[in-house]
Amino acid sequence: MTTFRARVTAPWALASRLFPLAESAFEDDGVPVTLFETHDGGPWTVEVLLFDGDAETAAARLREAVGPEGADLPVVVDELGEANWVEESLKGLAPVAEGRFVIHGAHDRGRVNAQVPIEIDAGLAFGTGHHATTVGCLAAIERRMRCGPVRRPLDLGTGTGVLAIAMARLGAAKVVATDIDPVAVKVAIDNARLNGVAPRIEAFRATGMSDPRLTRGGFDLIVANILARPLMRLAPAIVRALTPRATLVLSGLRLDDAARIIAVYRGQGVKLVRRDPRGSWTTLTFVREPRPHRA
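Residues numbered from 1 in each chain as written. Predicted model: local features only at pLDDT ≥ 70, side-chain atom pairs only at ≥ 80, totals over all residues. Heavy atoms only, no water.

1. As for the overall build of the protein chain
Helix and strand content of the protein chain: nine helices and 14 strands. Expressed as a percentage of its 295 residues, the buried residues of the protein chain come to 48%. Long-range pairs, those at least 24 residues apart, make up 68% of the contacts in the protein chain between residues at least 6 apart in sequence. Entry remark: accessible area of the protein chain is about 14200 Å², with carbon and sulfur atoms responsible for 53%. (Helix = DSSP H or I, 4+ residues; strand = E, 2+ residues; numbered from the N terminus. Buried < 20%, exposed > 50% of the residue type's maximum accessible area, 1.4 Å probe, protein only. Contact = heavy atoms within 4.5 Å. Areas by Shrake-Rupley, 256 points an atom, 1.4 Å probe, with all protein chains shown as cover.)

Spelled out as structure tokens, the structure:
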């Protein structure tokens, strides 16, 4: 798979305005957008990695994303070839501990001392356990599963499968895991096998909540670590799929996303029970309240 790196460079004042524009433009695609200082004292670079198309398309998409504010800046595009850049980026990453979990790569196999070690090979999918939103979800999963058994959980937007594996490792008999990306589904299945829980994870490709295996509902725990915009769009379908008193964990959210997500989901009849801010990100936990009995 050929990867294209498109970037624009500008002084901090301008780059800091262009970065949220690029994040918003590429949010639904789930591709990485970064802002970093090119060298001490600046300038700053806004960069996006794109995994399809060609160099010309990559340049056009970034140029459109930054809009009129960045119109005078040159867009530089590098073709990175077919190296597995996600996997390369994992080399040297330290294990991440959260509660009973320690998430680690193959390079730390055998050196991790934890109640629940989870080895993740990112492959061509995203989700190594290092991001604050993933750690927030792991904490929420552990809190819920300390309270009693979970019979039918869903990991919506599974990526590498780390959250589905965590639920299976804590005792969930059958975890449903979905992703819009078929490559991510394959990576999640491989990671489930690597961690000895493949028989307890049903992973398949699905767009949102449209698959019949999801629309029939019956989930007593749903974890969705995706992005604010799709979470808002999917709110009615996600809540319909919850059983009464089920737990819903939402992440992939910047701090300033929280208010609108809370408003949308409260409107669907779930109650916010916990916020877990970590750096610039937050994880929200809701409970579906049972409908009032009608005489």
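2. Regarding the pattern of salt bridges
For the structure on display, the rule yields 13 salt bridges. Here Asp78 and Arg5 are joined by a salt bridge, their closest N and O atoms 2.9 Å apart. With Asp78 in strand β4 (residues 76-81) and Arg5 in strand β1 (residues 3-10), this pair connects stretches of sequence that are 73 residues apart. In this structure Asp78 comes out as partly exposed when scored by relative accessible area, which is 21%. (Salt bridge = Lys/Arg side-chain N within 4 Å of Asp/Glu carboxyl O.)

3. Here we look at the sheet that holds strand β6 (residues 101-104)
Spatially, the three strands line up as an open sheet ordered β5-β6-β7, and their pairing is mixed. What marks the edges here is a single partner per strand, and that holds for β5 (96-98) and β7 (116-119). For this sheet, the mean inter-axis angle between neighbouring strands, taken without regard to orientation, is 20°. Direction of pairing for β6 relative to β7: parallel, over a ladder of four bridges. Residue pairing for β7: Ile103 is matched across the bridge by Ile118. Those strands touched by helix α4 (residues 132-146) are β5 and β6, and its axis lies near 35° from that of β5. Helix α5 (residues 162-169) rests against β6 and β7 of the sheet, and its axis sits at about 150° to β7. (Pairing = 2+ DSSP bridges. Axes fitted to C-alpha atoms, helices over the stretch in contact; angles between N-to-C directions.)

4. Observations concerning the packing of aromatic side chains
How two aromatic rings sit relative to each other is set out by the distance from centre to centre and by the angle between their planes. Scanning the entire structure with this criterion turns up two aromatic pairs. Against the face of Phe219 rests Arg152, its NZ or CZ located 4.1 Å from the ring centre. (Phe/Tyr/Trp six-rings, centres within 6.5 Å; stacked < 30°, edge-to-face > 60°. Lys NZ or Arg CZ within 6 Å of the ring centre and 35° of its normal.)

5. Concerning the environment of Ser24
Along the chain, Ser24 turns up in helix α1 (residues 12-26). Ser24 sits 42 residues away from Val66 along the chain, and the two C-alpha atoms are 9.9 Å apart.

6. Details of the confidence of the model for the protein chain
Residues at a pLDDT of 70 or more form 87% of the protein chain, whose mean pLDDT is 86. Per-element averaging of pLDDT across the protein chain places helix α3 (residues 85-90) at the bottom with 49 and strand β8 (residues 153-156) at the top with 98. (pLDDT = per-residue confidence, 0-100.)

7. What to know about unusual backbone geometry
Most peptide bonds are trans, and most residues other than glycine sit at a negative phi. Backbone geometry places Arg245, a non-glycine residue, at a positive phi of 70°. The residue Arg245 is located in strand β12 (residues 242-254) in this model. Note on Arg245: relative accessible area 61%, which makes it exposed.

8. Side note on α1
Taking 1.5 Å as the rise per residue, α1 with 15 residues should run 21 Å; its terminal C-alpha atoms sit 21 Å apart, in good agreement. When we look at burial in α1, the residues that qualify are Leu14, Ala15, Leu18, Phe19, Ala22, Glu23 and Phe26. Take α1 and look down its axis: the buried residues cluster within an arc of 160°, on one side only. Looking at the buried side of α1, the elements it contacts are β1, β2 (33-37), β3 (44-50), α2 (55-66) and β12. (Expected span 1.5 Å × (residues − 1). Arc of directions from axis to C-beta.)

9. Overview of the sheet that holds β12
Pairing is mixed in the open sheet, where seven strands are placed in the order β10-β9-β8-β11-β12-β14-β13. Looking at which strands have only one partner, the edges of the open sheet turn out to be β10 (201-205) and β13 (270-278). The mean angle between the axes of side-by-side strands here comes to 15°, regardless of whether they run parallel or antiparallel. In the sheet, β8 pairs with strand β11 (residues 219-225) via four bridges, with the strands oriented parallel.

10. Considerations on the pairing of β10
For strand β9 (residues 175-179) and β10, the ladder comprises five bridges, and the chain directions are parallel. Each bridged residue has a counterpart across the sheet, and for Val176 the counterpart in β10 is Glu202.

11. A closer look at the packing of α1 against α2
Describing two packed helices takes the angle between their axes plus the distance from one axis to the other. Remark: α1 packs on α2, axes separated minimally by 8 Å, with the N-to-C direction vectors making an angle of 120°. The orientation of α1 with respect to α2, classified from their angle, is oblique. For the element pair α1 and α2, the recorded crossing hand is right-handed. Residue-level contacts link Leu18, Leu21, Ala22, Ala25 and Phe26 of α1 to Arg61, Leu62, Ala65 and Val66 of α2. The residue makeup of the contact of α1 with α2, split by class, is eight nonpolar, no polar and one charged. (Parallel < 35°, antiparallel > 145°, perpendicular 65-115°, else oblique. Left-handed = near helix turned anticlockwise from the far one by under 90°. Nonpolar A, V, L, I, M, F, W, Y, C, P; charged D, E, K, R; others polar.)

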